[in-house]
Amino acid sequence: MDALAQVCTVVSAVVLIAVFPLEAFLVDRPWVQRFLGIEPHGIANVHLWSFCIGARNALAGVGALTGLWMVHRGDEQTGTVVVVVSLAYMLLASLAMGVADLLGYWRPRGGSVRGTVASSVLPAVALVALAV
């Protein structure tokens, strides 16, 4: 596994793990809402989903780091599979956010563009680097 794929994987994983507390526990704070690009209206009604999404993202980050650990501990083939699955989840979940925006589920509409692009680029780069 080359250095570019590893760096992109680590950064993606760390970002997802770091954002988990914001989505899971602090989503009712105005500065978190601005950071995540979400409207404050109805936060109490979606806190359950934001907690679950944050937890799933954190687990994907932990999975990616576990896969890298496996690669460096001598089980490169299995570790690479774990990394690829984690990266695929990260990329597809991020793209689903963009699709939700296109369907009009994001308020305000177009509000997911920054987050979708930011959370898609590194997993996509890592997957391409792994494929070549």
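Treat the numbers as computed from the prediction; the structure is a model and nothing was measured.

*Asks:* Provide a residue-level description of the nonpolar core, including the pertinent values.
*Replies:* A general feature of soluble globular proteins is that nonpolar side chains tend to end up buried together. Membership of the largest hydrophobic core is limited to ten residues, which are Cys8, Ala13, Leu16, Ala60, Ala64, Leu68, Val83, Leu87, Met90 and Ala126. Breaking this core down by element, the ones donating at least two residues are helix H1 (3-25), helix H3 (43-72) and helix H4 (76-102). Among residues more than four places away in sequence, those in contact with alanine 13 are Gly61, Ala64, Leu65 and Met90.

*Asks:* Provide a residue-level description of the packing of aromatic side chains, including the pertinent values.
*Replies:* One pass over the full model with this rule turns up three aromatic pairs. When the centroid spacing of 5.7 Å and the interplanar angle of 75° are considered together, the rings of phenylalanine 20 and phenylalanine 25 count as edge-to-face. The partly exposed category is assigned to phenylalanine 25, whose relative accessible area is 49%. A centroid spacing of 5.6 Å and a plane angle of 75° characterise the contact between phenylalanine 25 and phenylalanine 51, whose relative ring orientation is edge-to-face. Placement of phenylalanine 25 in helix H1 and of phenylalanine 51 in helix H3 is noted, with a sequence separation of 26 residues between them. Looking at phenylalanine 51, the relative accessible area reads 33%, which means it is partly exposed. In textbook terms, an aromatic cluster arises when at least three aromatic residues are bridged by ring pairs, as seen for Phe20, Phe25 and Phe51.

*Asks:* Run through H3, naming residues and quoting values.
*Replies:* Counted at 1.5 Å a residue, the expected span for H3 with its 30 residues is 44 Å, and the 41 Å between its end C-alpha atoms agrees. By the largest-angle criterion, tryptophan 49 marks the main kink of H3, which is about 30°. With its phi angle positive at about 110°, glycine 74 sits one or two positions after the end of H3.

Criteria and cut-off values
- Residues numbered from 1 in each chain as written.
- Predicted model: local features only at pLDDT ≥ 70, side-chain atom pairs only at ≥ 80, totals over all residues.
- Heavy atoms only, no water.
- Core = buried A, V, L, I, M, F, W, Y, C linked by side-chain atoms within 4.5 Å.
- Buried < 20%, exposed > 50% of the residue type's maximum accessible area, 1.4 Å probe, protein only.
- Helix = DSSP H or I, 4+ residues; strand = E, 2+ residues; numbered from the N terminus.
- Contact = heavy atoms within 4.5 Å.
- Phe/Tyr/Trp six-rings, centres within 6.5 Å; stacked < 30°, edge-to-face > 60°.
- Expected span 1.5 Å × (residues − 1).
- Bend = angle between axes of the 7 residues up to and from the residue.

In short, the description is geometric, and any link to function would need to be established separately.
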